[in-house]
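# Observations on the three-dimensional arrangement
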Amino acid sequence: MKTKQIFEAYNRQGERKFDTLRFCPRCGARCDLISSGRQSRLECPRCRFILYQNPSPGVVALIVDDGMVLLGKRAKNVFLGGKWSLPGGFIELDEDFLSAAHREILEETGLSIRIISVIGVVSNFLSPELHTLVIVLLAEKTGGTLRPGDDMDRLEWFPLSGSYPPMAFEADKHIIDRYHKTKMAGIPVDHRFASF
Ligand SMILES: [Zn+2]
């Protein structure tokens, strides 16, 4: 099965709207919209602050156990609430991606994990306001008690072979399916410099 790494939940070639953060976070002046080529940026005419917008980096874990994968039903108040996804979250500014994964998985599932490898990296164009770049990690449970955190209503093990519940992200479906069909080993992770 062919790998897929870029996922579009909306047409990202369309017009972007810049209706948030119109005031400079540094001096409070009203920002101008500056366009060059396909990119538009908000720039402060007073202090020249430029608001660079980039995809948000995140991590998700494919936690596997005896042919099963752990999925969470997303809480109502989070993005795409009510649908299911692999557990994970955003990387904090001072965090390495491995420590972020350990923290997010503990917060969202109550489990401690061993991260085995990197099995994918995906770009998700989810909405005009939210583009993510997600590192996908293969992991196994080492301890803890399954307990959903604030962002999850429920946690459940599902067979890797399917069928899955209604999924929030196309990328998650592809990742699980691809892992099931190829049993890919991925790239080993190096924990030596991680801070957790
Ligand atoms: Zn300014």
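Preceding this paragraph is the structure being described.
It should be emphasised that the depicted structure is a prediction, and the values quoted were computed from it without experimental measurement. Residue numbers restart at each chain and count upward from 1, following the sequence in its written direction. In view of the model being predicted, local features appear only for residues whose pLDDT reaches at least 70, and side-chain atom pairs are presented and counted only at 80 or more, with totals across whole chains, interfaces and linings using the full set of residues. Calculation of side-chain values draws on the structure's entire complement of heavy atoms; hydrogens and water are dropped beforehand.

## Focus: the pattern of salt bridges
- Salt bridges are defined by distance alone: a side-chain nitrogen of Lys or Arg within 4 Å of a carboxyl oxygen of Asp or Glu. Applying the stated criterion across every chain, the model contains 10 salt bridges.
- Residue Arg114 pairs with Glu140 through a salt bridge whose shortest N-O separation is 2.8 Å. With Arg114 in strand S9 (residues 111–127) and Glu140 in strand S10 (residues 130–144), the pair connects residues that are 26 residues apart, well separated along the chain.
- Throughout this description, buried means an accessible area under 20% of the type-specific maximum (1.4 Å probe, protein chains only), exposed means over 50%, and partly exposed covers the range between. By relative accessible area, which is 42% here, Arg114 ends up partly exposed.
- Salt bridges here are not isolated pairs; linked through shared partners, they connect Glu95, Arg103, Glu104 and Glu107. Helix and strand assignments come from DSSP, with helices taken as H or I runs of at least 4 residues and strands as E runs of at least 2, each series counted from the N terminus.

## With respect to the sheet that holds strand S2 (residues 32–36)
- Strand order in the open sheet formed by 3 strands is S2-S3-S4, with antiparallel pairing between adjacent strands. Every other strand in the sheet has two partners, leaving S2 and strand S4 (50–51) as the edge strands with one partner each.
- Pairing between strands is defined by DSSP: at least two bridges between them are needed. Relative to strand S3 (residues 39–43), S2 runs antiparallel, the two sharing 5 bridges. Looking at the pairing, Ser35 lines up with Ser40 of S3.

## A closer look at the environment of Gly186
- Relative to the helices and strands, Gly186 resides in the loop between helix H2 (170–182) and strand S12 (187–188).
- Here, residues are in contact when the closest pair of their heavy atoms is within 4.5 Å. Once you skip the residues sitting within four places of it in the chain, Gly186 turns out to touch Ser117, Val118 and Ile119.

## Some details on the coordination of the zinc ion
- Within the protein, the zinc ion binds to Cys24 (SG), Cys27 (SG), Cys44 (SG) and Cys47 (SG); these donor distances fall in the range 2.3 to 2.4 Å.
- For the zinc ion, the 4 donor atoms are set out with angles of 99 to 118° between them, so the coordination reads as tetrahedral.
- Sequence positions of the residues that donate to the zinc ion give the spacing C-x2-C-x16-C-x2-C. With Cys27 in the loop between strand S1 (6–8) and S2 and Cys47 in the loop between S3 and S4, the pair connects residues that are 20 residues apart, well separated along the chain.
- With a relative accessible area of 28%, Cys27 lands in the partly exposed category.
- Of the residues examined, Cys47 reaches a relative accessible area of 26% and is grouped as partly exposed. Each metal site lists N, O and S donors within 2.8 Å (3.2 Å for Na, K and Ca). With water left out of the atoms, a site can look as if it is missing ligands. Here a site with four donors is tetrahedral if all angles are between 85 and 135 degrees, and a site with four or six donors is square planar or octahedral if opposite donors are over 155 degrees apart and the other angles are between 65 and 115; anything else gets the irregular label.

## Focus: the packing of aromatic side chains
- Classification of ring pairs rests on two measures: the distance between centres of Phe, Tyr or Trp rings, Trp counted by its six-membered ring, which must be within 6.5 Å, and the angle between planes, read as stacked under 30 degrees, edge-to-face over 60 and tilted in between. Per the stated rule, a full pass over the model turns up 1 aromatic pair.
- Aromatic pair Trp84 and Phe158: ring centres 5.2 Å apart, planes at 85°, arrangement edge-to-face. In this pair, Trp84 is assigned in strand S7 (residues 84–85) and Phe158 in strand S11 (residues 152–159), connecting sequence segments 74 residues apart.
- Using a relative accessible area of 5% as the deciding quantity, one classes Trp84 as buried.
- Residue class for Phe158 comes out buried when judged on its relative accessible area of 11%.
- A ring has a charge above it when a Lys NZ or an Arg CZ is no more than 6 Å from the ring centre and no more than 35 degrees off the ring normal. Positioned over the ring face of Phe125 is Arg12, at 3.9 Å from the centre of the ring.

## A short note on the layout of surface pockets
- Within this model, the second largest pocket holds a volume of roughly 460 Å³.
- If you go around the second largest pocket, you meet 26 residues; those closest to its centre are Arg74, Gly88, Gly89, Phe90 and Phe169.
- Within the residue set of the lining of the second largest pocket, elements represented by two or more residues are strand S5 (56–65), strand S8 (88–90), helix H1 (97–109), S9, S10 and H2.
- Tallied by class, residues from the lining of the second largest pocket come to 15 nonpolar, 6 polar and 5 charged. Two kinds of site are reported from a 1 Å grid over the protein atoms alone, namely cavities, where a 1.4 Å probe fits but cannot get out, and pockets, open sets with protein on both sides within 12 Å along at least five of seven lines, and residues are called lining when an atom falls within 4 Å of a point. Grid points are joined across faces, edges and corners, and a volume is the space filled by probe spheres set on the points. Only Asp, Glu, Lys and Arg are considered charged in this grouping, and only Ala, Val, Leu, Ile, Met, Phe, Trp, Tyr, Cys and Pro are considered nonpolar; every other residue, Gly among them, is considered polar.

## Describing the environment of Ile34
- Its place among the elements puts Ile34 in strand S2.
- Given a relative accessible area of 38%, Ile34 falls into the partly exposed group.
- With 16 residues separating them in the primary sequence, Ile34 and Ile50 have C-alpha atoms 9.4 Å apart.
- Those residues within four positions of Ile34 in sequence are excluded, and the remaining contacts are Gln39, Ser40, Arg41 and Glu43.

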